[in-house]
Protein chains: 2
Amino acid sequence: MEGFRVLEIKKSVFENNDREADIVRQELKRDKTFLLNLMSSPGSGKTTTLKATIAALKDELRIGVMEADIDSDVDAATIEKTGAKVIQLHTGGMCHLDAGMTRQGLVGLGTDDVDLAILENVGNLVCPAEFDTGAVKNAMILSVPEGHDKPLKYPLMFTICDVLLINKIDVMPYFDFDLEECSRYAKKLNPNIKIIPISARNGDGIDEWADWLRSEVNAWIR
Amino acid sequence: MEGFRVLEIKKSVFENNDREADIVRQELKRDKTFLLNLMSSPGSGKTTTLKATIAALKDELRIGVMEADIDSDVDAATIEKTGAKVIQLHTGGMCHLDAGMTRQGLVGLGTDDVDLAILENVGNLVCPAEFDTGAVKNAMILSVPEGHDKPLKYPLMFTICDVLLINKIDVMPYFDFDLEECSRYAKKLNPNIKIIPISARNGDGIDEWADWLRSEVNAWIR
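Bear in mind the structure is a predicted one, so any value in this text is a computation, not a measurement.

Let us now look at the relation of the copies chain B and chain A. The transformation that overlays chain B on chain A combines an axial shift of 0.0 Å with a rotation of 180 degrees, and the residual RMSD is 0.0 Å. In short, the pair behaves as if placed about a two-fold rotation axis. Mapped onto chain A, 100% of the interface residues of chain B are again interface residues, and the two copies thus contact each other with one and the same surface.

Next comes the structure, spelled out in structure tokens:
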């Protein structure tokens, strides 16, 4: 038995936005657009992974990106250089996107000429996990320097994601990151989660990730 | 000129908890307890830095730690081994602590025998920056693998912190992290911010950080 006390200070601020998320998905189905919601901590490599993903799929799929940030435009400027269609969403301080905000983003982006829309959510492992954006699939990135214990500390994020990309495997030798233990923690929360180790910087694992994404998009839009 | 559009989807959910934060500070002053609010992304090394901080100061100051987590107890179990007084706060899914929650935590911890109370906030660069907890000083950790552009993307956090600890400098050779550029971005947002590069793992910079903290605590409680 541990000697410290545990104090519950629960306080609910979460609204139910499930109905609106279902409407977003119906609209996406009708418009033949697949929406991926990409989440992670700040600095785990969402934008670099996105660049590698666009490079791998841009000849087969028409890709549109929604860059959600609190108030900067740096990521949209980076993504624009890939040639993909991009819109910057400013959340005005909000720490996540809900279905209504995502819907505004999709209207702003325009989905008529988009097969694969990707929402780069705000860098945050907590709040984005609470709100269904209406995406068809959820993916998250955990990077090696963050540590393999993160599923224990941010369980909901790992529970709601279809794919876990473990990024920055090129620096594995310099960190105490146990890939097997991380996978075991994640699978315990979510037995169906697909885990793909990648290095967005050097391209390792990007083919496997692009294969998964291509097959999901084609199943949705065809 | 960039070609993408910027869509503002501002939506205010922030409550004014400034009055309660001021009450917390008055109570701390009366009780001769200094409260440090320690914030960062998940995985940037808050708990390891805390262990090194406790080791450096435990012979001079009576230290109490409030570990805020969504629902795990792993960090409190780690801190308990240092011999410091510790309480685990469960936020029940909440992504940050406000002044009211911090006050409940301080009552739960008990401050009669605590000179230095440290709140390890939820791992998140967004929401904790919005809420004054009532702490006397705010410190944040940015770790090298997260990238030097983070002040551009999470500006409020850098604006409200008194100290920026740049952690994991031992792995600097393996990342494209520009310390000078990071410092320039941070100082532009907050000219008074004190920047201390550290490695919580090997102890680099911990003396300078402990010196700063000791002097702040003594100025408050004596």
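This next bit is on the interface of chain B and chain A. Contact residues are listed per partner, giving 62 residues for chain B and 62 residues for chain A. The closest approach of N and O atoms between D75(B) and K153(A), which form a salt bridge, is 2.5 Å. Looking at side-chain class alone, the side of chain B that touches chain A contains 29 nonpolar, 15 polar and 18 charged residues.

What follows deals with the pairing of strand 8 (residues 194–197) of chain A. Residue and element names in this part refer to chain A. Pairing analysis gives four bridges linking strand 7 (residues 163–167) to strand 8, with the strands arranged parallel. Bridge pairing in strand 8 places I166 opposite P197. Following the chain from strand 7 across helix 7 (residues 179–189) to the adjacent parallel strand 8, one finds a crossover that is right-handed.

With that settled, the discussion passes to the packing of helix 1 (residues 18–31) of chain B against helix 4 (residues 99–109) of chain B. Any two packed helices are characterised by how steeply their axes cross, that is the angle between the axes, and by the distance between the axes. Residue and element names in this part refer to chain B. Between helix 1 and helix 4, the shortest axis-to-axis distance is 8 Å and the interhelical angle comes to 25 degrees. Taken together, the axes of helix 1 and helix 4 lie roughly parallel to each other. Considering how the two elements wind past one another, helix 1 and helix 4 form a crossing that is left-handed. Of the residues in helix 4, those in contact with E20, A21, I23, V24, E27 and L28 of helix 1 are A99, G100, R103 and L106. Looking at side-chain class alone, the contact of helix 1 with helix 4 contains six nonpolar, one polar and three charged residues.

Each value, and the rule that gives it
Residues numbered from 1 in each chain as written. Chains lettered and ligands numbered in written order. Predicted model: local features only at pLDDT ≥ 70, side-chain atom pairs only at ≥ 80, totals over all residues. Heavy atoms only, no water. Least-squares fit on C-alpha atoms with pLDDT ≥ 70 in both. Contact = heavy atoms within 4.5 Å. Salt bridge = Lys/Arg side-chain N within 4 Å of Asp/Glu carboxyl O. Nonpolar A, V, L, I, M, F, W, Y, C, P; charged D, E, K, R; others polar. Pairing = 2+ DSSP bridges. Helix = DSSP H or I, 4+ residues; strand = E, 2+ residues; numbered from the N terminus. Right-handed = clockwise from strand over helix to strand, strands pointing away. Axes fitted to C-alpha atoms, helices over the stretch in contact; angles between N-to-C directions. Parallel < 35°, antiparallel > 145°, perpendicular 65-115°, else oblique. Left-handed = near helix turned anticlockwise from the far one by under 90°.

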